[in-house]
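If you want the building blocks of each chain, they are given just below.
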Amino acid sequence: MTDHGHELTFGGFITPAAGQPDQVVALARLCEQVGLDLVTFQDHPYQPGFLDTWTLMSYVAAATERIRLAGNVLNLPLRQPVVLARSVASLDLLTGGRVELGLGAGAFWDAIEAAGGRRLSPGAAVDALDEAIRVIREVWDTGSHGMIRVDGEHYRVVGAKRGPAPAHPVGIWVGAYKPRMLRLVGRAADGWLPSLSYLPKGPDELPALNALVDEGAQAAGRDPAAIRRMLNVTGAFARSSAGFLTGPPEQWVEELAGLTLEHGITTFILGSDEPRAIQIFGQEVAPAVRELVAAERATPAGGAREAADEPTTAGGPSTLGVTPPPTRGYA
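No experiment lies behind these values; they were computed from the predicted model shown.

Time to look at the overall build of the chain. Along its length, the chain carries nine helices and 14 strands. For 331 residues, the compact-globule estimate of 2.2 N^0.38 gives 20 Å, and the C-alpha radius of gyration of the chain, at 20 Å, lies within 12% of that figure. When its C-alpha atoms are laid out on the principal axes, the chain stretches across 65 × 45 × 35 Å. Looking at the chain residue by residue over its 331 residues, the buried ones come to 54%. Excluding contacts between residues fewer than 6 apart, the proportion of contacts in the chain whose partners are at least 24 apart in sequence is 74%. Just so you have it, the chain exposes about 13,700 Å², and 52% of that area is on carbon and sulfur atoms. With 28 positive and 37 negative side-chain charges, the chain shows a spacing of 7 Å between the two charge centroids.

Alternating positions in strand β11 (residues 235–238) separate into two faces, Gly 235 and Phe 237 on one and Ala 236 and Ala 238 on the other, with burial throughout. Where β11 lies against strand β12 (residues 246–247), two bridges are found, and the strand directions are parallel. From the neighbouring strand, Ala 236 faces β12, where its bridge partner is Thr 246.

One pass over the full model with this rule turns up six aromatic pairs. On the numbers, 4.2 Å between centres and 25° between planes, the contact of Phe 237 with Trp 252 is stacked. Taken together, the residues span a long stretch of sequence, with Phe 237 in strand β11 and Trp 252 in helix α8 (residues 249–263) at a distance of 15 residues. Each member of the pair, Phe 237 together with Trp 252, is buried. Three or more aromatic residues link up through ring pairs in this structure, and these residues are Phe 10, Phe 237, Trp 252, Phe 268 and Phe 281. Looking at Arg 118, its charged tip hangs above the ring of Tyr 155, at a distance of 5.5 Å from the centre.

Relative to the helices and strands, Leu 103 resides in strand β5 (residues 101–104). Under the relative-accessibility criterion, Leu 103 is labelled buried at 0%. For Leu 103 and Leu 209, which are 106 residues apart along the polypeptide, the C-alpha to C-alpha distance reads 18 Å.

As a further point, take the environment of Arg 118. Inspection of the secondary structure assignment puts Arg 118 in the loop between α4 (109–114) and α5 (122–140). Through-space distance from the C-alpha of Arg 118 to that of Ala 301 is 51 Å; in sequence the pair is 183 residues apart. With residues up to four places along the chain from it excluded, the contact list for Arg 118 reads Trp 109, Ile 112, His 154 and Tyr 155.

A separate point is the nonpolar core. Ranked by internal contacts, the top residues of the largest apolar core, which has 93 residues, are Leu 101, Trp 140 and Phe 281. Examining the composition of this core, we find that eleven residues originate from one element, α5, more than from any other. Not counting chain neighbours up to four residues away, the residues in contact with Trp 140 comprise Ala 85, Val 88, Ala 89, Leu 101, Pro 164, Ala 165, Pro 166, Val 170 and Ile 172. With eight residues, the next largest nonpolar core counts Ala 70, Leu 193, Met 230 and Ile 269 among its residues.

For α8, built from 15 residues, the straight-helix expectation of 21 Å at 1.5 Å per residue is met to within 8% by its first-to-last C-alpha distance of 20 Å. Counting buried positions over the 15 residues of α8 gives twelve, a clear majority of the element. Along α8, the positions that sit buried rather than exposed are Pro 249, Gln 251, Trp 252, Val 253, Glu 255, Leu 256, Ala 257, Gly 258, Leu 259, Thr 260, Leu 261 and His 263. Gly 264 sits one or two positions beyond α8 and adopts a positive phi of about 75°.

Let us look at the confidence of the model for the chain. Chain-level statistics for the chain give a pLDDT mean of 92 and a share of 91% at 70 or above. This model gives residues 303–319 a pLDDT under 50, and the stretch forms 36 contacts once residues within four places in sequence are excluded. Counting contacts from residues 323–331, a segment whose pLDDT is below 50, to residues more than four positions away or on other chains yields 47 contacts.

Now for the pattern of salt bridges. Opposite charge on two side chains lets them pair, provided their charged atoms get close. If you walk through the whole model with that rule in mind, you get 14 salt bridges. Arg 79 is the salt-bridge partner of Asp 43, the closest N and O atoms lying 2.9 Å from each other. Residue Asp 43 is found in the loop between β2 (38–41) and α2 (53–63), and its partner Arg 79 is found in the loop between β4 (74–75) and α3 (81–95); the two are separated by 36 residues along the sequence. Arg 79 sits in the buried class, given a relative accessible area of 16%. Taking the shortest distance from any N to any O, the salt bridge between Asp 130 and Arg 187 comes out at 2.7 Å. Of this pair, Asp 130 sits in helix α5 while Arg 187 is found in helix α6 (residues 179–188), placing the two residues 57 residues apart along the sequence. Since its relative accessible area comes to 26%, Asp 130 is described here as partly exposed. According to the relative accessible area criterion, Arg 187 is partly exposed, its value standing at 37%.

Procedures and definitions
Along every chain, residues carry numbers that run from 1 in the direction the sequence is written. Per-residue local features of the predicted model are confined to residues with pLDDT of at least 70, and side-chain atom pairs are confined, for both listing and counting, to 80 or more; whole-chain, interface and lining totals are unaffected and use all residues. In computing side-chain properties, one takes all heavy atoms of the structure into account and sets aside hydrogens as well as water. Helix numbers and strand numbers start at the N terminus; a helix is a DSSP run of H or I with at least 4 residues, a strand a run of E with at least 2. Just to be clear, the radius of gyration here is over C-alpha atoms, and the globule rule we use is 2.2 Å times residues to the power 0.38. Exposed residues in this analysis have more than 50% of their type's maximum accessible area, buried residues have under 20%, and partly exposed residues fall in between, with area computed by a 1.4 Å probe over protein chains only. Pairs of residues are marked as contacts when any of their non-hydrogen atoms sit within 4.5 Å. For the accessible areas, the method is Shrake-Rupley and the probe is 1.4 Å, while residue cover comes only from the protein chains on display. Positive charge is attributed to Lys and Arg, negative charge to Asp and Glu, and no charge count is given to His or to the chain ends. Each charge is placed at NZ for Lys, CZ for Arg, CG for Asp and CD for Glu. One requirement defines pairing of two strands: DSSP has to find at least two bridges between them. Each aromatic pair joins two rings of Phe, Tyr and Trp (for Trp, the six-membered one) with centres within 6.5 Å, and gets the label stacked for planes under 30 degrees apart, edge-to-face for over 60, and tilted for any other angle. Distance and angle both matter: a charge sits over a ring if NZ of Lys or CZ of Arg is within 6 Å of the ring centre and within 35 degrees of the ring normal. To qualify as a nonpolar core, a set must consist of buried Ala, Val, Leu, Ile, Met, Phe, Trp, Tyr and Cys residues joined through side-chain atoms within 4.5 Å. For a helix, the expected span equals 1.5 Å multiplied by the residue count minus one. Think of pLDDT as the predictor's per-residue confidence, scored from 0 to 100. A carboxyl oxygen of Asp or Glu within 4 Å of a side-chain nitrogen of Lys or Arg is what we treat as a salt bridge.

The structure is reproduced here in structure tokens:
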């Protein structure tokens, strides 16, 4: 996998805790204050301990001015595609183009079914996501004539009107790990959004997974470089190194830059509800990663480099943990 040269972006992944709504909004605003580009929230509509993600995003949009917002990722089985498309477009218009669409096929089927959704097999869930993406793009395509007609097995739209169109070309980012889903990302989505914690072998798994995204893109006649590669990350800021993304900010900079230059990852989203971790990530790590990647891209080799040795710093134990919010996963 090569670095496709996309602009680097950085975001936060905040737990939508219903018991602490003021804190959730404050953390989202902090993401903006420290210079992050994006704030995201997991979506589990069957989970009473969480705020409804779409309602939360709307509230946070009104409480911020610059930062972009997305579900990470929205639960398709409990969100009807036509309504979801119009919700996204509406909030994008209201915010002047600050909304992206993270989308998931579904995972926690007992809870989905208990909440009134349909239980689908893994293969059917992929097919349903494929159909939903088509429906969503048709709703947004106000330049085409005629009503929307999608005669799918899971979603049938028989004459719905188009619109509204969003304020900007909204990216559809899909959380995916299995081969069929990864090929679907390449064929139909704008971005691939996995979590590093869900990869048992860590970054070593990225080449094979990226290759499946590329395969899907090429089969559909698309340029693989058009698909943004993203990553939810967790770890710990510490005085000394104790593993991948566990160490001082300088280590994070080297390792995140390596993920860009070696695996094409150009969006990093930090899963943390710790204000200090968000501050370090936004004010220290993100600018330094941008600077390092820009310097490497400017070399004659076009950014190719050997993996840097893991830095070490004398010091004591971890001073600041970056722990993943609970129930993390793909909706």
